[in-house]
Amino acid sequence: MSTTTITHTIAATDLVKRYGRRSAVDGLTLTADAGVVGLLGPNGAGKTTLLRMLATVLAPDAGRLEILGLDPSVPRERTEARRRLGYLPQSPSLYPGFTPFDLVDYVAVLKEHTDREWRRQETRRVLEEVGLEDVMHRKIRTLSGGMRQRVALAAAMVGNPPLLLLDEPATGLDPDQRLRLRSLLSQASTVVMSTHNISEVSALCQRVYVMFDGRLTFEGTPGELAALAEGRVWEDDRPDPDAIRSWQTSTGSYRHLGDPPAGAQVVTPTLDDGYLLLARRERP
Amino acid sequence: MSTREPWHLSSDQLAGYLAGTASRALVASVEAHLLACERCRSALAETSGPAPREEAWARLADEIDRPSPGTLPRLARGDRILRASIATPTMVAAALAAVVMVGAVPLLTALAAPQAGLVTLLVVAPLAPSIAVALAYREWCDPAGELAAATPMAGLRLVALRALAVSLVALPSSIAVLLAVDAWLSPVPIRFGLAWCLPGLALAALVLLAGTTRLDPWLASAVLGVGWSAAVAATVTVRRTLRPEQFLDGLATPEVQALALAVATGALLLTAARRHTVDTWGNA
């Protein structure tokens, strides 16, 4: 028997979360370490439920969970884990009568930062990081959806936690802000972010986990996800009824996924191809 | 004359102008010259550079953000919690309700019939803290929404702080009413002002305890409120009087006060022991 324990930033084993009879997360096992991990999957795959469990907001019905080497089912360790993680909920509801400064400072209080001067500096720092320095004293109700999203992101990042759990962080961000998000995320040590947008994965993530129906069906780099469709994507100028999927691209030619016929012009697969092939396998 | 080499500002003059040490006459000529001379304007820009300007802006922004010395009483975690507690619509409503209950209602009744007013105060005042506690349990009244659930302050600590914040508003208003009645309407025995405090604490502690169980704190506070009102009404019926002294004889006895203290202490101790059940973890 081995006595060495390998500690991951996140280690989840056979996690289950049920809502009534439906299992939102159904026996999921994963580990995450330094770097940006993208959780990819269709709506309803259980990404949000998983992230809420990782953020210690929701208790799993079964399975084991270890966050930063701590067991969140033990109250004291749960509190300790909360000191060290930042969480961006899906469509965060922020009180509209607060300013971004008020709100982030308040979250810093909740994270037990008692030094007012330090808190003020830190609040300004994170709001500047997300590009909200010009509006930080305006009421949240006057801000756009993308700005509100960035207020919540700033609140998640306050205190520079070693673990960031972000539920759809790029929602409402324009391309420029997405680019900025990328450099922000590269500063954090471990990030787990959910998305249903494949281009975000290739832009932001070093690793990608694909979820279908509460289970993990793929774990690897974005390149490895694309490589799943290696030799199974081809293009020609008309639809192919034998392909698993065929669609017309912007150039007018048809792209096909499946077993290519003899002599077909096989092309390099993209992340989308790998994901679609996986989706087909999971939900025929 | 126009062909003469034009006069330009020396670096000493520019430095003196920038530092604000130049004489008023020199400042006037420097500014007049700068308006006309492109070369000296760029020399000025070079001398001052963007850094001091940025610094000035930063200093100004710093000034604006600097928290004003606290005018509100500071709780253990600074006044942001207090502000956050009573700034949301729910908590504003709670604080207003508390003020109305322990302030306006008895005052109006006292204007109509002084003795009935004091009895009314006796009925409603102890209910105010328990309603404050019930409101503090509503998780949707947090300005940061689910973001707050993943912080170390989440749970009973936050609930207790919020309840305390509302009580801090309600308590002075009840004392003010007593002083007003005493001054203008009829003398109030000092013990009247204190007799309801321990029963009020006991009721609030019971609601706090209810929040650590599956019971709805709202329901608990409603049941306790009805029970308390019934007890006072029963006293009115049995003794056939609205004279406050009659209630005081019953309420201010050492036995009743000791019982209230015992209930409050017991409920608070039990709540402390069960504090970990107040958490979205395991309850959502």
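What comes next is a walk through the structure. (Residues numbered from 1 in each chain as written. Chains lettered and ligands numbered in written order. Predicted model: local features only at pLDDT ≥ 70, side-chain atom pairs only at ≥ 80, totals over all residues. Heavy atoms only, no water.)

A word on the overall build of chain A
Argument step 1. Check the secondary structure of chain A and you find nine helices and 13 strands.
Argument step 2. C-alpha atoms of chain A, sized along the principal axes, occupy 70 × 55 × 35 Å.
Argument step 3. Out of the 284 residues belonging to chain A, those deemed buried represent 52%.
Argument step 4. Contacts in chain A between residues at least 24 apart in sequence constitute 64% of all its contacts with a sequence separation of at least 6.
Argument step 5. Surface accessibility of chain A: about 12,600 Å² in total, with carbon and sulfur atoms responsible for 47%. (Helix = DSSP H or I, 4+ residues; strand = E, 2+ residues; numbered from the N terminus. Buried < 20%, exposed > 50% of the residue type's maximum accessible area, 1.4 Å probe, protein only. Contact = heavy atoms within 4.5 Å. Areas by Shrake-Rupley, 256 points an atom, 1.4 Å probe, with all protein chains shown as cover.)

A closer look at the overall build of chain B
Argument step 1. A count of helical and extended segments in chain B gives 15 helices and zero strands.
Argument step 2. Out of the 284 residues in chain B, the part that is buried amounts to 42%.
Argument step 3. Counted over contacts in chain B with a minimum sequence separation of 6, partners at least 24 positions apart contribute 73%.

Considerations on the pairing of strand 9 (residues 215–220) of chain A
All names here are of chain A.
Argument step 1. As paired strands, strand 8 (residues 207–212) and strand 9 are joined by five bridges and run antiparallel to one another. Each residue of the ladder has a partner; that of V208, found in strand 9, is G220.
Argument step 2. Here strand 8 folds back onto strand 9 in antiparallel fashion, the turn holding two residues, of which D213 has a positive phi close to 45°. (Pairing = 2+ DSSP bridges.)

Observations regarding the sheet that holds strand 12 (residues 254–257) of chain A
All names here are of chain A.
Argument step 1. Judged by pairing direction, the sheet is antiparallel, and its four strands sit side by side in the order 11-12-10-13 without closing on themselves. Edge positions in the sheet fall to strand 11 (245–248) and strand 13 (265–266), since each of these pairs with one other strand and no more.
Argument step 2. Relative to strand 12, strand 10 (residues 233–236) runs antiparallel, the two being bridged by four bridges. Within the sheet, the bridge partner assigned to W234 lies in strand 12 and is H256.
Argument step 3. Those strands touched by helix 9 (residues 271–282) are strand 10, strand 11 and strand 12, and its axis lies near 45° from that of strand 12. (Axes fitted to C-alpha atoms, helices over the stretch in contact; angles between N-to-C directions.)

Some remarks on a nonpolar patch on the surface
Residue and element names in this part refer to chain B.
Argument step 1. Taken together, the side chains of L107, L108, L111, W184 and L185 define a hydrophobic patch exposed on the protein surface, amounting to about 560 Å² of accessible area.
Argument step 2. Considering each element in turn, the nonpolar patch owes the most residues, three residues, to helix 6 (residues 89–112).
Argument step 3. Along the chain, L185 falls in helix 10 (residues 156–185).
Argument step 4. A relative accessible area of 34% means that L185 is categorised as partly exposed. (Patch = residues over 30% accessible without salt bridge, like charges linked within 9 Å, V, L, I, M, F, W, Y side chains within 5 Å. Salt bridge = Lys/Arg side-chain N within 4 Å of Asp/Glu carboxyl O.)

A closer look at the sheet that holds strand 4 (residues 62–67) of chain A
Note on sheets: strands pair through backbone hydrogen bonds, and any given pair is parallel or antiparallel.
Residues and elements named next belong to chain A.
Argument step 1. Taken in spatial order, the three strands make up an open sheet running 2-1-4, and their pairing is antiparallel. A strand with exactly one partner marks an edge of an open sheet, and here the two such strands are strand 2 (22–32) and strand 4. Going across the sheet, the axis of each strand differs from the next one's by a mean of 25°, ignoring polarity.
Argument step 2. Bridging between strand 1 (residues 10–19) and strand 4 involves five bridges; their strand directions are antiparallel. Looking across to strand 4, one finds that A12 is bridged to L65.

Brief notes about the nonpolar core
Argument step 1. Counting 58 residues, the largest nonpolar core has A:L40, A:L166, A:L185, A:V191, A:M193, A:V210 and A:L225 as the members making the most contacts within it.
Argument step 2. With residues up to four places along the chain from it excluded, the contact list for A:L185 reads A:V36, A:L166, A:V191, A:M193 and A:L204.
Argument step 3. Formed by 33 residues, the second largest nonpolar core is a distinct cluster that contains A:A12, A:Y209, B:A149 and B:W281. (Core = buried A, V, L, I, M, F, W, Y, C linked by side-chain atoms within 4.5 Å.)

A closer look at the environment of A:L228
All names here are of chain A.
Argument step 1. Of note, L228 is situated in the loop between helix 8 (222–227) and strand 10.
Argument step 2. The exposure class of L228 is partly exposed, given its relative accessible area of 28%.
Argument step 3. Residues L228 and G86, 142 residues apart in the sequence, show an inter-C-alpha distance of 33 Å.

Side note on the packing of aromatic side chains
All names here are of chain A.
Argument step 1. Here the structure, examined in full by the defined rule, presents three aromatic pairs over all chains.
Argument step 2. Seen from their ring centres, Y95 and F98 are 5.5 Å apart, and the 75° between their planes marks the pair as edge-to-face.
Argument step 3. Judged by relative accessible area, Y95 falls into the buried class, the value being 16%.
Argument step 4. With centroids separated by 6.4 Å and ring planes inclined at 90°, the aromatic side chains of F98 and Y106 adopt a geometry described as edge-to-face. Here the two residues F98 and Y106 agree in accessibility, since each one is buried.
Argument step 5. Joined through ring pairs, the aromatic side chains of Y95, F98 and Y106 make up one cluster. (Phe/Tyr/Trp six-rings, centres within 6.5 Å; stacked < 30°, edge-to-face > 60°.)

Let's talk about the side chain of B:T151
Argument step 1. Inspection of the secondary structure puts B:T151 in the loop between helix 9 (146–149) and helix 10.
Argument step 2. Among the polar contacts made by the side chain of B:T151, one reaches the main-chain carbonyl oxygen of B:A148 at a distance of 2.7 Å.
Argument step 3. Excluding residues that lie within four positions of it along the chain, B:T151 makes contacts with A:R82, A:L110 and A:K111. (Polar contact = N/O pair within 3.5 Å; in protein donor to acceptor, adjacent residues only side chain to side chain.)

A closer look at the packing of helix 12 (residues 197–210) of chain B against helix 13 (residues 217–239) of chain B
Residues and elements named next belong to chain B.
Argument step 1. The contact between helix 12 and helix 13 brings their axes to 8 Å, and the two run at 150°. Taken together, the axes of helix 12 and helix 13 lie roughly antiparallel to each other. Crossing of helix 12 against helix 13: the hand is right-handed. Every residue of helix 13 that contacts helix 12 at P199, L203, L206, V207 and A210 is listed here: P217, A220, S221, L224 and W228.
Argument step 2. In terms of residue class, the contact of helix 12 with helix 13 is made up of nine nonpolar, one polar and no charged. (Parallel < 35°, antiparallel > 145°, perpendicular 65-115°, else oblique. Left-handed = near helix turned anticlockwise from the far one by under 90°. Nonpolar A, V, L, I, M, F, W, Y, C, P; charged D, E, K, R; others polar.)

Thoughts on the environment of A:P100
All names here are of chain A.
Argument step 1. Its place among the elements puts P100 in helix 3 (residues 100–110).
Argument step 2. As for P100 and S189, which are separated by 89 residues in sequence, their C-alpha atoms are 25 Å apart.
Argument step 3. Residues within four places of P100 in sequence aside, it is in contact with L127, V135, M136, R138, I140, L143 and V151.

Some remarks on the side chain of A:K111
Argument step 1. Position of A:K111 relative to the elements: it lies in the loop between helix 3 and helix 4 (116–129).
Argument step 2. Of the side chains bearing the opposite charge, A:E122 lies closest to the buried A:K111, which forms no salt bridge; the N-O distance is 8.3 Å.
Argument step 3. If we ignore the near neighbours within four places in the chain, the residues touching A:K111 are A:L85, A:G86, A:A155, A:A156, A:V158, B:T151 and B:P152. (Lys, Arg positive; Asp, Glu negative; His and termini not counted.)

Some words on helix 9 of chain A
Argument step 1. Its twelve residues give helix 9 of chain A an end-to-end C-alpha distance of 17 Å, which sits within 8% of 16 Å, the value for a rise of 1.5 Å per residue.
Argument step 2. When helix 9 of chain A is considered as a whole, its buried residues turn out to be A:L271, A:D273, A:G274, A:Y275, A:L276, A:L277, A:L278 and A:A279. (Expected span 1.5 Å × (residues − 1).)

Considerations on the pattern of salt bridges
Argument step 1. One pass over the full model with this rule turns up 21 salt bridges over all chains.
Argument step 2. Here B:E146 ties to A:R52 by a salt bridge, and the two come within 3.1 Å at their closest N and O atoms. One end of the pair, B:E146, is in helix 9; the other, A:R52, is in helix 1 (residues 47–54), on a second chain.
Argument step 3. On the accessibility criterion, B:E146 (25% relative accessible area) is partly exposed.
Argument step 4. We note a salt bridge from B:D279 to A:R78, for which the minimum N-O separation is 3.1 Å.

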